[in-house]
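Each chain, written out:
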2 protein chains.
Amino acid sequence: MRTLRELRGMVEEGLAKLAYPEKPWGLYEPIVYTLQSGGKRIRPVLVLATYDWLTGGAQPLDPILPAALAVEVYHNFTLLHDDIMDHSDLRRGKPTVVAKWGVNGAILSGDAMMILAYQILCGMKSEQFPGILDRFGWLAMSVCQGQQLDMEYEGRNDITLPTYLEMVEGKTAALLQGAVRIGAYAAKANPEVEAGLDQFAHDFGIAFQLQDDLLDVYGNTETFGKRVGDDIAVGKNTYLSVLAFEHAAPPQREVLEHLRDKAAYLDTEAKVEQTVAIYDAAGVEPLAEKGIEQYLNAAGAHLATVEKRIGAPAQALRELLASQIGRTF
Amino acid sequence: MRTLRELRGMVEEGLAKLAYPEKPWGLYEPIVYTLQSGGKRIRPVLVLATYDWLTGGAQPLDPILPAALAVEVYHNFTLLHDDIMDHSDLRRGKPTVVAKWGVNGAILSGDAMMILAYQILCGMKSEQFPGILDRFGWLAMSVCQGQQLDMEYEGRNDITLPTYLEMVEGKTAALLQGAVRIGAYAAKANPEVEAGLDQFAHDFGIAFQLQDDLLDVYGNTETFGKRVGDDIAVGKNTYLSVLAFEHAAPPQREVLEHLRDKAAYLDTEAKVEQTVAIYDAAGVEPLAEKGIEQYLNAAGAHLATVEKRIGAPAQALRELLASQIGRTF
């Protein structure tokens, strides 16, 4: 069975080998820039690790590699367009595509990137290709649905935790669920195995997004690679803002609303600082850490159920899950 | 053999029957709005007409309909994103999606629309599905390449006719070529037939774009449905601007450059008016009409070659070609 490190190496090698038309280079340069700027490669590794595990750990991974790469290219496309919508200028410690090439260049290169994802996927030689395509279409559309909800929730003060989590299911968890389902389906796993892995990836995905939310406030720009406080600056609902609205005393809740909706006289730094002070007073950080831990534990439990059925440990998936505990980047 | 009118009816019916998830409705409303706001349906009709003709005119068209609809949805997606990039507020006589829902809503609904196009295509039940998917990927990527060139050429004064036509090949002709190639391939036509139809659609596509360029200046906003003079206002290169730079006397060429690059003191209306005055003096309108006629004739000749090989007239394709002569909308 391949290790997490070996699987990541395959993804990096596969991405580096992608071929692009020579011109117009201006269309492809932002794509190459995005794909070469790192990232954790969690989603393609989920595809490969699932397939590798379920096929016994010694089959060639070439037949499934295009699907893994397509998932990663699609994921990076969503980041590229999200950065336009969120006016983000920093990602993975580097200027975003929209900061470097402008809105029009970012829209168009993103479009080309989505087509590229489908083209890579369509390069698969597999009798299960139609089913894989279905799963890919589902994850792709779910991400758009989640992003739409994210946009609609912006600036709203009535978002409850269940409503927030529904958005996270689309925006983040669906991609991870789609990844393991593609891996399982391609490995001809039975539907119960696929469904169990889907639950694992669902909880893993939610934990992952909640961690991102936590790092946006309590992380470090240098290790995290994004500007700390960005979510607060643009008035996004996050796990922390939802917890704060739930747990802060009524007068503090009013200050939070004021800071988000009306405090145009404050510069961003002061707005972030005063918001974080209320988060601190409401004890949001430990609450969030506890919630994240619960989702990671639940993911581990779902995985254990599938492992028992298969009769072999999912080593790389376990490694991946363990690497999320106390993540700082 | 079906008439143009019958084929259009099938496209309209197919588009009206498309199913959307119920929520988030904000993601799908702009898609429905775009698809219901009319349009000539040339591209899906090209798919159906080609298939109908090459299969003898009496086969059911259900197997090919998803491909035709996918091509139309993809085309409308490109318009939706183009309108963001070009800051257009009017299309088909109605506010554009970006004017109605803003930049972020338009980016995201466009993304969902592209995924929808692939999902519709993937609903096909055909043993030739992989080849159809290849052709669809080619047309999709070609449109992005053309749009990229269009963007790179904006404001440049050194664009020659061949350079301009290369951009049009990607931006407009490729979609028409892809449409007939999908129809021909699905009908199991031999490669020479597919190649001949490709040449027909190439010249038809170029004529179509050059007509659009002509109507942008000499058309009527009410019948054309777009704001007349838009291309001039944003400094786009068009068939007319390229002809004007080629045929205007040197002092007039200098005024054209000045109007495009430096005349920030003029309001848009005055800029358009003065530019058109130079176009008139250079005799650009009749030159453009002649060029368009030549491309339409060449398209007809390519079609005649294929008709001879098939031994039956391509009635609906002929009707479609004829409907382009002297088009005003």
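Residues numbered from 1 in each chain as written. Chains lettered and ligands numbered in written order. Predicted model: local features only at pLDDT ≥ 70, side-chain atom pairs only at ≥ 80, totals over all residues. Heavy atoms only, no water.

The name given to chain A in an unreviewed UniProt entry is Polyprenyl synthetase, with the source organism recorded as Candidatus [Bacteroides] periocalifornicus. Entered under Cofactor (unreviewed entry) in the UniProt record, the comment concerning chain A runs "Mg(2+)". For chain A, the Sequence similarities (unreviewed entry) comment in UniProt is given as "Belongs to the FPP/GGPP synthase family." (UniProt positions renumbered as here; feature names shortened; annotations may be inferred.)

The next point concerns the packing of aromatic side chains. Under the counting rule described, the total for this entry stands at 13 aromatic pairs over all chains. Where A:Tyr74 meets A:Phe136, the ring centres are 5.8 Å apart and the plane angle is 75 degrees; that geometry is what we call edge-to-face. Residue A:Tyr74 is located in helix H4 (residues 65-85), and its partner A:Phe136 is located in helix H6 (residues 129-153); the two are separated by 62 residues in the primary sequence. The interplanar angle of 80 degrees and the centroid separation of 5.1 Å between the aromatic rings of A:Tyr118 and A:Phe136 together place this pair among those described as edge-to-face. Note that A:Tyr118 is positioned in helix H5 (residues 97-122) and A:Phe136 in helix H6, a separation of 18 residues in sequence. Members of the aromatic cluster, each reached through a chain of ring pairs, are A:Tyr74, A:Phe77, A:Tyr118, A:Phe136, B:Tyr74, B:Phe77, B:Tyr118 and B:Phe136. The ring of A:Trp101 is capped by A:Lys100, whose NZ or CZ atom sits 5.4 Å from the centre of that ring. Between the NZ or CZ atom of B:Arg135 and the centre of the ring of B:Tyr185, over which it lies, the distance is 3.8 Å. (Phe/Tyr/Trp six-rings, centres within 6.5 Å; stacked < 30°, edge-to-face > 60°. Helix = DSSP H or I, 4+ residues; strand = E, 2+ residues; numbered from the N terminus. Lys NZ or Arg CZ within 6 Å of the ring centre and 35° of its normal.)

Our next topic: the confidence of the model for chain A. The share of residues in chain A with pLDDT of 70 or more is 100%, and the mean pLDDT across the chain is 94. At the level of individual helices and strands, chain A shows its lowest average pLDDT in helix H9 (residues 221-224) of chain A, which scores 73, and its highest in helix H3 (residues 42-54) of chain A, which scores 98. (pLDDT = per-residue confidence, 0-100.)

Attention now goes to the interface of chain B and chain A. With 37 residues of chain B at the interface, the matching set in chain A holds 37 residues. For the pair chain B and chain A, the summed buried surface comes to about 3200 Å²; carbon and sulfur atoms form 73% of the total. Seen at the junction of chain B and chain A, the total is two salt bridges. In this structure, B:Glu166 and A:Lys23 form a salt bridge, with 3.3 Å as the shortest nitrogen-oxygen distance. Where chain B meets chain A, there are ten residue pairs in polar contact (both at pLDDT 80 or more). The element best represented in the side of chain B that touches chain A is helix H6 (residues 129-153) of chain B, accounting for 13 residues. Residues belonging to the side of chain B that touches chain A are distributed by class as follows: 24 nonpolar, nine polar and four charged. (Contact = heavy atoms within 4.5 Å. Buried area = accessible area lost by both parts, 1.4 Å probe. Salt bridge = Lys/Arg side-chain N within 4 Å of Asp/Glu carboxyl O. Polar contact = N/O pair within 3.5 Å; in protein donor to acceptor, adjacent residues only side chain to side chain. Nonpolar A, V, L, I, M, F, W, Y, C, P; charged D, E, K, R; others polar.)

Per the stated rule, a full pass over the model turns up 30 salt bridges over all chains. The salt bridge partner of A:Lys17 is A:Glu13, with a shortest N-O separation of 3.3 Å. Across the pair B:Glu307 and B:Arg318 runs a salt bridge whose closest N-O atoms are separated by 2.9 Å. One end of the pair, B:Glu307, is in helix H14 (residues 284-310); the other, B:Arg318, is in helix H15 (residues 315-322), with eleven residues separating them in the sequence. When its relative accessible area of 12% is taken as the criterion, B:Glu307 is described as buried. (Buried < 20%, exposed > 50% of the residue type's maximum accessible area, 1.4 Å probe, protein only.)

Of the two same-sequence chains, chain B is brought onto chain A (RMSD 0.0 Å, axial shift 0.0 Å) by a rotation of 180 degrees. Taken together, the rotation angle and the small translation identify this as a two-fold axis. Most of the interface of chain B is mirrored in chain A, where 100% of its interface residues again form contacts. (Least-squares fit on C-alpha atoms with pLDDT ≥ 70 in both.)

On to the environment of B:Arg327, then. All names here are of chain B. Examined against the element boundaries, arginine 327 turns out to sit in the segment after H15. Owing to a relative accessible area of 7%, arginine 327 belongs among the buried residues under this scheme. Each C-alpha atom of the pair arginine 327 and phenylalanine 208 lies 9.2 Å from the other, and the pair is 119 residues apart in sequence. Leave out the neighbours within four places in its chain, and arginine 327 touches Lys40, Phe208, Gln211, Asp212 and Leu215.

A:Tyr74, A:Leu197, A:Phe200, B:Tyr74, B:Leu197 and B:Phe200 are the most contacted members of the largest nonpolar core, which has 230 residues in total. Excluding anything up to four places from it in sequence, B:Tyr74 contacts A:Ile115, B:Met114, B:Ala117, B:Phe136, B:Leu139, B:Ala140, B:Val143 and B:Cys144. (Core = buried A, V, L, I, M, F, W, Y, C linked by side-chain atoms within 4.5 Å.)

Before going further, it helps to spend a moment on the side chain of B:Asp231. Relative to the helices and strands, B:Asp231 resides in helix H10 (residues 230-233). In this view, B:Asp231 contacts B:Asp213, B:Asp216, B:Lys236 and B:Thr238; residues no more than four positions away in its chain are not counted.

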